[in-house]
Amino acid sequence: MASNEKQVLLHVEDLKVTFGKKKHEFTAVKGVSFDIYKGETFGLVGESGSGKTTIGRAIIRIHPTAGGKVIYDGKQINGSISKELDKEVTRKLQMIFQDPMASLNERAKVDYIVSEGLYNIPGITPQQRREKVAKALADVGLLPEFASRFPHEFSGGQRQRIGIARALIMEPEFIIADEPISALDVSIRAQVLNLLAKLQKERNLTYLFISHDLSVMRFICDRIAVIHKGLLVEMADSEQLFAHPLHPYTRALLSAIPQPDPLKERKKVLEVYDPSCHDYSVDKPVWTEIEPGHFILGNQKELTEYREKLKA
Amino acid sequence: MQEKILSIENLSVRFSLRGRILHAIRQVSLDVYKGETLVIVGESGCGKSVLNKNLIGLLDSNGFIDNGSIKYYGAKPDAKNPDLYGEDEKGTYADLAKFKKEKDWLKIRGQEICMILQDPMTSLNPLKTIGAQIAEAISLHQGKKGKEAKEAALQIMRDVRIDDPERRYKQYPHEFSGGMRQRVVIAIAIACNPKILICDEPTTALDVTIQAQVLSLIRELKEKYKLTVIFITHDLGVVANIADRVAVMYAGDIIEIGMVEEIFYQPKHPYTWALLSSLPQLGVKGEDLFSIKGTPPNLFAEVKGDAFAPRNPQALKIDFEELPPYFTVSPTHKARTWLLDERAPKVEPPEVIRSLNSEGGAANGK
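Here's a quick rundown of the structure.

Reading the values: the criteria
Residues numbered from 1 in each chain as written. Chains lettered and ligands numbered in written order. Predicted model: local features only at pLDDT ≥ 70, side-chain atom pairs only at ≥ 80, totals over all residues. Heavy atoms only, no water. Contact = heavy atoms within 4.5 Å. Buried area = accessible area lost by both parts, 1.4 Å probe. Salt bridge = Lys/Arg side-chain N within 4 Å of Asp/Glu carboxyl O. Polar contact = N/O pair within 3.5 Å; in protein donor to acceptor, adjacent residues only side chain to side chain. Helix = DSSP H or I, 4+ residues; strand = E, 2+ residues; numbered from the N terminus. Nonpolar A, V, L, I, M, F, W, Y, C, P; charged D, E, K, R; others polar. Pairing = 2+ DSSP bridges. Axes fitted to C-alpha atoms, helices over the stretch in contact; angles between N-to-C directions. Parallel < 35°, antiparallel > 145°, perpendicular 65-115°, else oblique.

### Things to note about the interface of chain A and chain B
Stage number 1. At the interface, 38 residues of chain A touch 41 residues of chain B.
Stage number 2. Of the roughly 3,300 Å² buried between chain A and chain B, counting both surfaces, carbon and sulfur atoms make up 57%.
Stage number 3. Per-residue buried area on chain A facing chain B is highest for V186(A), F219(A) and P260(A); these three make up 21% of the total on that side.
Stage number 4. Linking chain A to chain B there are two salt bridges.
Stage number 5. Where chain A meets chain B, there are ten residue pairs in polar contact (both at pLDDT 80 or more).
Stage number 6. The set of elements that each furnish at least two residues to the side of chain A that touches chain B consists of helix 6 (186-203), helix 7 (214-220), helix 8 (238-243), helix 9 (248-256) and helix 10 (262-267) of chain A.
Stage number 7. Taken together, the residues of the side of chain A that touches chain B break down into 17 nonpolar, nine polar and twelve charged.

Next up, the structure:
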């Protein structure tokens, strides 16, 4: 897709999220800006505590934002918004959670878990609801009769499918997948990744994919943003990021990916990121587009170095 | 040949569950050599954890060993319980399959064989300081008391790369991050001074960057303390770095075992192929990732033939009828698949495996 054809679906500008009050205030997200285009898979990668999940949750209005703008399809959706818009957001944006063991209500049947969101939409008859549940379950590769079972009767992979069905039933346009495969076995991971890719093709969904594992990201994401301590440090097309990682933190993440190849693994040098390698005391870092579509955080001195690396 | 430290022979473990019998470990034989890192890989439910729980006497109370022996060469015989010990051409051994009493296990658990569990969040006592927990293991197993124990604990904390050990010594588990907690758990295990260290998915709950650090830490400690490591995981991707040998488990049986290069570059069993090709690292973007269809077999029922056959699209007729024996590929590599029989048709491994093979095999000089 050429860049002028891309349509921005979600625009995040200088997003800030803080927790706690006054003395104990903690800024988890310190001003993050990015665009997500319609139909793409945008990856957000970082270590635990970097604020990647917080961004996802702020977009979907679980956490209030402390500053900045979240604009979805031309409308601002953070801060105080009208009731109608809130309902629209709830329907169009959905989330898939990390741990399928913890994110399903143990005491509710699958039927209720999957269709809970529909109860808020007036004018849906019980008959229609049941049909929708059966369809959503079929879409994720589960049998319709599973609707009358409880979550504990399912394996991890099946539970994650229930979590996906629950998001799909609202017919969303935008799905935030928060580490949807981290808690799963490798063989099940492949199934869930394939399912997500298939659904995206069929329904032209847009994904925000949050993970700490770059190896999965490369496989599924079109563009990747790397986040560290609440700040984006690098953003680029997946292949570009893997071919020319510039920021030391990105390089550290890449070097940590385990390769299924004993000989390469043994030769590998693990890069460890030490934030003190930046000297930002005088020269403040800026978020710069260093080559088309490739953004990086760095001060003037570092940017010159990065440009030279790109040329080499 | 290397010196054997542990030899599992025809081990069979069953669980009685609501009046039914589940056959979790089906006649497994496995040798562990001194100083090696053996990785056991398989899906959840394949019995890899159950197998290892047998080694330190933590089998759930409804499970029992109904056949086989676990010979551990390295324990001093106990005159009071001569029937627990035996002797063969390799020397005296303790038969862990016969251990029943908690008192007997105390001689093995910790000081001989030690285990690191998956989740560092739940394996530490939240009410005691980190230092006290490490020192406790030291005083129990090395007989050091007071200041001496503290010194030893601090030394071990330095060994597992916990910065500023003096300050960290007095802190509680909740003040540590996940990766740091896993280091503490490793420190406690090392403090017992074991000969065999079992790591049960020690990095699953950790970030990729921390995972890489913990793996290299385990490798380092193995050299320093001359440990034998048994490493359990479901992710073949992580083991290339640390493994000497890899055993692939499926439905309570070891279906392929070999040196790490053999498993990655010349895998023979279709299940090993499937595990390797489902790794996202090897996936091609825009194409479906290979995924294993179906579910593992129900172990309540007796498994007939090759347990993986129902999920293997290229299964042969005999796979459903008769259990394949181990075919020897090289002195260190054997696999339980009829494909290696001389009468079998030629089935090519999937493309990803072949490309891995040509890259690695060439570098390997094969």
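That shown, we press on.
### Describing the sheet that holds strand 10 (residues 231-237) of chain A
Residues and elements named next belong to chain A.
Stage number 1. The sheet built from eight strands is open, its strands ordered 6-7-8-3-9-10-12-11 with mixed pairing. Bordering the open sheet on either side are strand 6 (93-96) and strand 11 (286-291), each of which pairs with just one other strand. Strand-to-strand, the axes of this sheet are offset by a mean angle of 20°, without reference to chain direction.
Stage number 2. In the sheet, strand 7 (residues 174-178) pairs with strand 8 (residues 206-211) via five bridges, with the strands oriented parallel. Its bridge partner lying in strand 8, A177 is registered against F209.
Stage number 3. Packed onto the sheet, helix 2 (residues 83-92) meets strand 6 and strand 7 and runs at close to 45° relative to strand 6.
Stage number 4. Its contacts with the sheet place helix 11 (residues 300-311) against strand 11 and strand 12 (294-298), and it is angled at close to 20° to strand 11.

### Focus on the packing of helix 3 (residues 130-142) of chain B against helix 4 (residues 146-159) of chain B
Relative orientation and spacing of two packed helices are given, respectively, by the angle between their axes and the distance between those axes.
Residues and elements named next belong to chain B.
Stage number 1. The contact between helix 3 and helix 4 brings their axes to 9 Å, and the two run at 110°. Viewed along their axes, helix 3 and helix 4 adopt a mutual orientation that is roughly perpendicular. Where helix 3 approaches helix 4, its residues I130, I134, A135 and I138 are matched on the opposing element by A149, A152, A153, I156 and M157.
Stage number 2. Residue classes in the contact of helix 3 with helix 4 are distributed as nine nonpolar, no polar and no charged.

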